[in-house]
Structure formats: C-alpha cells, structure tokens
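What follows is the residue order along each chain.
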Amino acid sequence: MKQPLFALLVKRKLGFGANRAAKRRILFNLLLITLVVSALVFAQMFVVSMSKGIADKYALLGNGHLQVHTTEPVDFFPYSNVIDVQKVGQSYALIYSPSANKMVRLKGVGDSYFSELRSEQLTMGEPYVQSESNLPQILLSTTLASTLDVQIGDRVALMLVSQSSIRPQLCIVQNLYDSGYQELDANLVFSDYELMARLFQGKEETYYELLVEGDALEQTKRELKADGYAVTSWDEENYAVATNLNTSRQAVLGVMVAVAILCGYFISELSRELVEDDKYKIAMLTLLGATKRIIRRSYFSTVMVVTLVSVLLGTLLGMAFALNLSPLLSSIAARSIPSLAYYLLDFSIVIPWLDILIITLVLVGVSVISVIFSLRRVAMIEPISCAHFD
C-alpha cells in the first residue's frame, strides 16, 4: 500500500495526470533551474578556457613550459615527456621608429623555433622579401607595430644598453605576428639567435626552452632538478600573470558556488509552494491513513527529481553552448572591438570537470538540506485543518 501510494503522489506532483496549473509550475521551475545551471557551467568553462589559453600563450611563446638555465650543449630528449627543445637568448632593448619608441624584450631564436605547435598560436602576414640590404631582420607583433607606426619592410632601430656602452642597431621588420593576446604581444620581439649573440657578445641571458606533455610539467621539472639542472617553469618566470590567472579562476569559481547556493535556496521555495498549495490534500491524506513520513518523502522526491533533471539538462546545455563558442569568438576577434582588445578571444574550450562537479554538488547539497528544512511544515498540518478549507 505504501509504495503504490508513494509512487502515485510523486507522479501527481510531477504533473502526470495533474491539471495545467500544476504542470506549468513544474515546467517553469524545471526550465528556470536548467537555465541557471547552464549559465553557471558556461561561465566557468569560458573563464577556465580563457585562463588556460593565456597560460598556453605565455608558455609556448614567452618562456616555454620549462627553462633550463645552462649554456652547455645538452640533449634533453632522453626525458620521456619532452617534446621540443630550443636554445634561446634574451635581453632588453629600446626600439625606435620615426614615430615612437618602447622598451621591449628581445628574444633570439633559431630557425626551428616556430614549429607547428607554436605556429598554431600565431597568425602572420607575408614575410618581407630581402632586397639588397644586409640589415638584420626582426619579427614584431601587430600590437607593437601599431605603437611604433611601422609596417613589414620598414626600418627600426634597436638601442642596446650594456653596463659599459649604448649601441644602436638598425633592423628591418621582416614580418608581423599576432598571438591574439595584446598583453604578451606588446613588448615581445623575435630575432635570429646568431644576431642576438653577435649584438650582445655573450652578455645576453641564454637558456633552453622545453615544451613538455600537458600533465608532465612538474614531473619533468623534478627529474631535471634531480640531475642537477637549474630549472624554472613558465609560471615562475611570469609570477604576476600566473597568480592573476589562478586568482581569477578561483574567484569566479567562488562566485559560481555562491550563485549555486542561492539557486539551492530557491529550490526549497518550490517545495514550500507545493506544500502551501496542497494543505487541504495533505490533511485529507492524513485523515485517510497516509503517514507524514510518506507525504514528506513524496514531496522531497518530487523536488529532487526536478532538481536532478534540471542539473543534468543545464550541465549538458551549458557545455553545448561553450563547446560551440569558437566561431562566435573568432567573429568578435575579427571585428577588432577596442573594448575587447586586451582580452584573449582565440582559445580552445576545455571542460573543467572538477569545477563543474563542485558547482553541481554544492547546488544539489544545498537543495537537499534546504528542502528537508522546508518540508518540516508538513508535520505542522493537522488533519482537522481540512475542515477550514470549504
């Protein structure tokens, strides 16, 4: 008797065989919770993906995943997780054009530096075709070129400053690159490694950039340190950027969790409304022999079914929106909207499973607790109260 009655009550509360008003209420709450959850999942995926995209830009173009600080010839490929090794030199210089000047980070790289992995992070124009000039060539970003008001083939001057002298060097802009993130592009200039060594005569900082498999950074770093190498990672070289990215991600996750808690409280309001509207029916069921426990379980199960279905649909909907966001981001990036200039819009969408799990578990957990407290009012409904409803 108890199980059939319980099943019947849950079906009726879910709208099966109920009137239109009851169905609309369930569908409205189902839709509302689904939209809230989808927005939470979408926002978290967007922020995490953008943060990872920025981190990838700095790792692949700025410093590599790992930096081994040695000038001696070393073979790093015996380390199983290393996928690319480049010897680079770097220093700082003032770059001058007829219109402007700027302090930049000058990075000397070899011919094999812009591999397929790095080239995927860039868009480039048509390179300058060398004429009779013997001037060295450098690679500027479109952001820096705009600041200096120069184009491919124009001449710029590098002012190389050392402890004992100031030396100018005239160069030709070979090509312009665009990584999609102006904060990185604004002061990064690439040159030939041999030119770097010749200009600074050994006073530049020389190290090896290592690219490693995605999840093996810390493991490879430990292995290299165990072998006596001085090793740093991209986040140590760019501490402020890495800290800001991590703080932003954690802050957004905190906001999403707070919204999930509010949504969980809203779900308890659904149970309160159901009980408030069904006082007469609850009193009648009690008079007919139904226990308060069965009645509470039926309302609890109804709300939890709505909640779990909404969470599932909202999660899938949020993921679907986020995973199909790339064409829209590419279109926005192509419009060159000034207010979005310092945001990265060219990144791959990743699914932060742990973050999504935290958000959904908090929402469901708060819902369970708040609904249990909300359904205590069922025990306050006395059977004799049904006499007051006609």
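Being a predicted model, the structure only gives us computed values, none of them experimental.

1. Overview of the overall build of the protein chain
From N to C terminus, the protein chain includes 13 helices and 10 strands. The 390 residues of the protein chain split such that 45% are buried. As presented, the protein chain carries roughly 20300 Å² of accessible surface, and 59% of it is formed by carbon and sulfur atoms.

2. A look at helix α7 (residues 217-226)
Those residues of α7 that sit buried are Leu217, Thr220, Lys221 and Leu224. Seen along its axis, α7 keeps its buried residues to an arc of 105°; they face one direction. Away from its buried face by more than 90 degrees, α7 exposes Arg222 and Ala226. At its buried positions, α7 is contacted by β1 (66-68), β2 (82-96), β9 (205-212), β10 (231-233) and α8 (234-237).

3. A word on the nonpolar core
Phe76, Leu210, Leu224 and Trp234 are the most contacted members of the largest nonpolar core, which has 63 residues in total. The biggest single contributor to this core is helix α2 (residues 20-63), with 13 residues.

4. Considering unusual backbone geometry
Positive phi outside glycine occurs at Asp149, with the angle close to 60°. Structurally, Asp149 is set in the loop between α4 (142-148) and β6 (155-161). A relative accessible area of 55% places Asp149 in the exposed class.

5. Let's talk about the side chain of Lys221
Looking at the element boundaries, Lys221 is found in helix α7. Residue Lys221 is classed as buried on the basis of its relative accessible area of 8%. Apart from the residues within four sequence positions on either side, Lys221 is in contact with Leu66, Val231, Ser233 and Glu236.

Calculation rules
Residues numbered from 1 in each chain as written. Predicted model: local features only at pLDDT ≥ 70, side-chain atom pairs only at ≥ 80, totals over all residues. Heavy atoms only, no water. Helix = DSSP H or I, 4+ residues; strand = E, 2+ residues; numbered from the N terminus. Buried < 20%, exposed > 50% of the residue type's maximum accessible area, 1.4 Å probe, protein only. Areas by Shrake-Rupley, 256 points an atom, 1.4 Å probe, with all protein chains shown as cover. Arc of directions from axis to C-beta. Contact = heavy atoms within 4.5 Å. Core = buried A, V, L, I, M, F, W, Y, C linked by side-chain atoms within 4.5 Å.

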